[in-house]
Amino acid sequence: MTGSLFKGNFWTSDILSTIGYDSIVQHLNNGRKNCKEFEDFLKERASIEEKYGKDLLSLARKKPCGQSETNTLKRALEVFKQQVDNVAQSHIYLAQTLREEARKMEEFREKQKSQQKKTELIMDAAHKQKSLQFKKTMDAKKNYEQKCRDKDEAEQAVHRSANMANPKQQEKLFVKLATSKTAVEDSDKLYMLQINTLDRVRNEWQSEHIKACEVFEAQECERINFFRNALWLHMNQLSQQCVTSDEMYEKVRKSLEMCSIEKDIEYFVNQRGTGQTPPAPIMYENFYCPQKNAAPGKATGPNLARRGPLPNPKSLPENKAFSGWHF
């Protein structure tokens, strides 16, 4: 608490002015507006968290991710998908938590509005009574001053008629003077009564103004504290979300540490291996003289050194151009 600062710093010399009070009320209204803005912020953040959570959940459950992997890496991917699912669920839960915090802010804001309204009704009545009594007092003063002027004029008229020979006219002036004196006395009494009443009303208003300042200052201290704590809690919730997500991701990292490249390769070989014997070499086969028992691994193409003699042709062409050739 800061002490009672409001009640000592929002006065004015004008008895009809409410500028100090109005300044406090406007400040409180702005404070509630700020609370409403933070409340709306929480609701919108909750919608974002919920949408993100649902989108992430859909991704984790519907989108294939390494579905043909095997053995240790497959198990790590299963942990990965499950933890992404868990992270998505945590964001959806965070959205619910943020909406609950927004609801609490709304309740607090409405409670303060109701409390302020009660004080404002009392102050409005005090301001109205003060203004009305001030007007009555000023009217009484105006009437009193007019009666005084009337008496002064009556006295002057009597002095001017001192040498008049008409006694009836003088008598009328004396009657008028007496009447004006009585009117002055009556108006003076009414004026004093209104002054006293105004002083009482002013004191009552001043007392209510001090009470209102104390109530409003207490409300503002409460609002600032509540708003500050709400913002602090919001930061803690977001930090906890990060911690929770990291704990889930750590489980994925742990599962990745258990992955074994050698085991996954060995598993694939054991599960999908097709045999240990490679295909035999394809041997050369002479079209004219097949060699069924040729040693494996030998020549796979023509081998002129081992080729047999060409067969003799059945007839030779009678062409002199070939007469010098022998086979």
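Residues numbered from 1 in each chain as written. Predicted model: local features only at pLDDT ≥ 70, side-chain atom pairs only at ≥ 80, totals over all residues. Heavy atoms only, no water.

Concerning the overall build of the protein chain
So, step 1. Along the protein chain, the regular secondary structure elements total 4 helices and 0 strands.
So, step 2. Seen in sequence order, the protein chain has helices and strands lined up from the N terminus as α-α-α-α.
So, step 3. By residue count, 28% of the 327 residues in the protein chain fall in the buried class.
So, step 4. Taking the contacts inside the protein chain whose residues are at least 6 apart along the sequence as the reference set, 84% of them involve residues at least 24 apart.
So, step 5. Accessible surface, the protein chain: about 23800 Å² in total, of which carbon and sulfur atoms supply 56%. (Helix = DSSP H or I, 4+ residues; strand = E, 2+ residues; numbered from the N terminus. Buried < 20%, exposed > 50% of the residue type's maximum accessible area, 1.4 Å probe, protein only. Contact = heavy atoms within 4.5 Å. Areas by Shrake-Rupley, 256 points an atom, 1.4 Å probe, with all protein chains shown as cover.)

Structural notes on a nonpolar patch on the surface
So, step 1. Together, Ile261, Ile265, Phe268 and Val269 line one region of the surface with nonpolar side chains, adding up to about 440 Å² of accessible area.
So, step 2. Residue placement: Ile261 occurs in helix H4 (residues 261-272). (Patch = residues over 30% accessible without salt bridge, like charges linked within 9 Å, V, L, I, M, F, W, Y side chains within 5 Å. Salt bridge = Lys/Arg side-chain N within 4 Å of Asp/Glu carboxyl O.)

Overview of the side chain of Ser245
So, step 1. By the element assignment, Ser245 lies in helix H3 (residues 167-257).
So, step 2. Ser245 sits in the buried class, given a relative accessible area of 8%.
So, step 3. Those residues in contact with Ser245 that sit more than four places away from it in its chain are Val87 and His91.

Looking at the pattern of salt bridges
If charged atoms from side chains of opposite charge come close, those side chains can pair.
So, step 1. Under the defined criterion, the tally for this structure stands at 23 salt bridges.
So, step 2. Arg61 serves as the salt-bridge partner of Asp85, at 2.6 Å between the closest nitrogen and oxygen. Of the two residues, Asp85 is situated in helix H2 (residues 71-160) and Arg61 in helix H1 (residues 19-62); the sequence distance between them amounts to 24 residues.
So, step 3. Under the relative-accessibility criterion, Asp85 is labelled buried at 10%.
So, step 4. With relative accessibility at 54%, the residue Arg61 sits in the exposed group.

Remarks on the nonpolar core
So, step 1. Within the largest apolar cluster, 12 residues are counted, these being Cys35, Phe38, Leu42, Ala46, Leu94, Ala95, Leu98, Ala102, Met105, Phe227, Ala230 and Leu238.
So, step 2. Those elements that place two or more of their residues in this core are H1, H2 and H3.
So, step 3. Of all the elements, H2 adds the most residues to this core, at 5 residues.
So, step 4. Every residue in contact with Ala102, bar those within four places of it in the chain, is listed here: Glu39, Leu42 and Lys43. (Core = buried A, V, L, I, M, F, W, Y, C linked by side-chain atoms within 4.5 Å.)

Brief notes about the environment of Lys172
So, step 1. If you trace the backbone, Lys172 turns up in helix H3.
So, step 2. On a C-alpha basis, the gap between Lys172 and Val158 in space is 9.4 Å, while along the polypeptide they are 14 residues apart.

A look at the packing of H1 against H3
So, step 1. Between H1 and H3, the shortest axis-to-axis distance is 11 Å and the interhelical angle comes to 20 degrees. Relative to H3, the element H1 is oriented roughly parallel. With respect to the hand of their crossing, H1 and H3 are arranged in left-handed fashion.
So, step 2. Considering only residue class, the contact of H1 with H3 consists of 14 nonpolar, 5 polar and 4 charged. (Axes fitted to C-alpha atoms, helices over the stretch in contact; angles between N-to-C directions. Parallel < 35°, antiparallel > 145°, perpendicular 65-115°, else oblique. Left-handed = near helix turned anticlockwise from the far one by under 90°. Nonpolar A, V, L, I, M, F, W, Y, C, P; charged D, E, K, R; others polar.)

Section: the packing of aromatic side chains
So, step 1. In the structure shown here, the tally under the stated rule is 8 aromatic pairs.
So, step 2. Arranged with centres 4.0 Å apart and planes meeting at 5 degrees, the rings of Phe108 and Phe226 form a pair that is stacked. With Phe108 in helix H2 and Phe226 in helix H3, this pair connects stretches of sequence that are 118 residues apart.
So, step 3. Arranged with centres 5.4 Å apart and planes meeting at 25 degrees, the rings of Tyr144 and Tyr191 form a pair that is stacked. Residue Tyr144 is found in helix H2, and its partner Tyr191 is found in helix H3; the two are separated by 47 residues along the sequence.
So, step 4. Relative accessible area serves as the criterion here: at 22%, Tyr144 is assigned to the partly exposed category. (Phe/Tyr/Trp six-rings, centres within 6.5 Å; stacked < 30°, edge-to-face > 60°.)

With respect to the environment of Ser4
So, step 1. Among the secondary structure elements, Ser4 is positioned in the segment before H1.
So, step 2. As a C-alpha pair, Ser4 and Ala218 span 214 residues in sequence and 8.8 Å in three-dimensional space.
So, step 3. Setting aside chain neighbours within four positions, we find Ser4 in contact with Glu214 and Glu217.

Observations regarding unusual backbone geometry
So, step 1. Positioned with a positive phi, Asn71 is a non-glycine residue whose angle comes to about 55 degrees.
So, step 2. Here Asn71 lies in helix H2.
So, step 3. Judged by relative accessible area, which is 16%, Asn71 ranks as buried.

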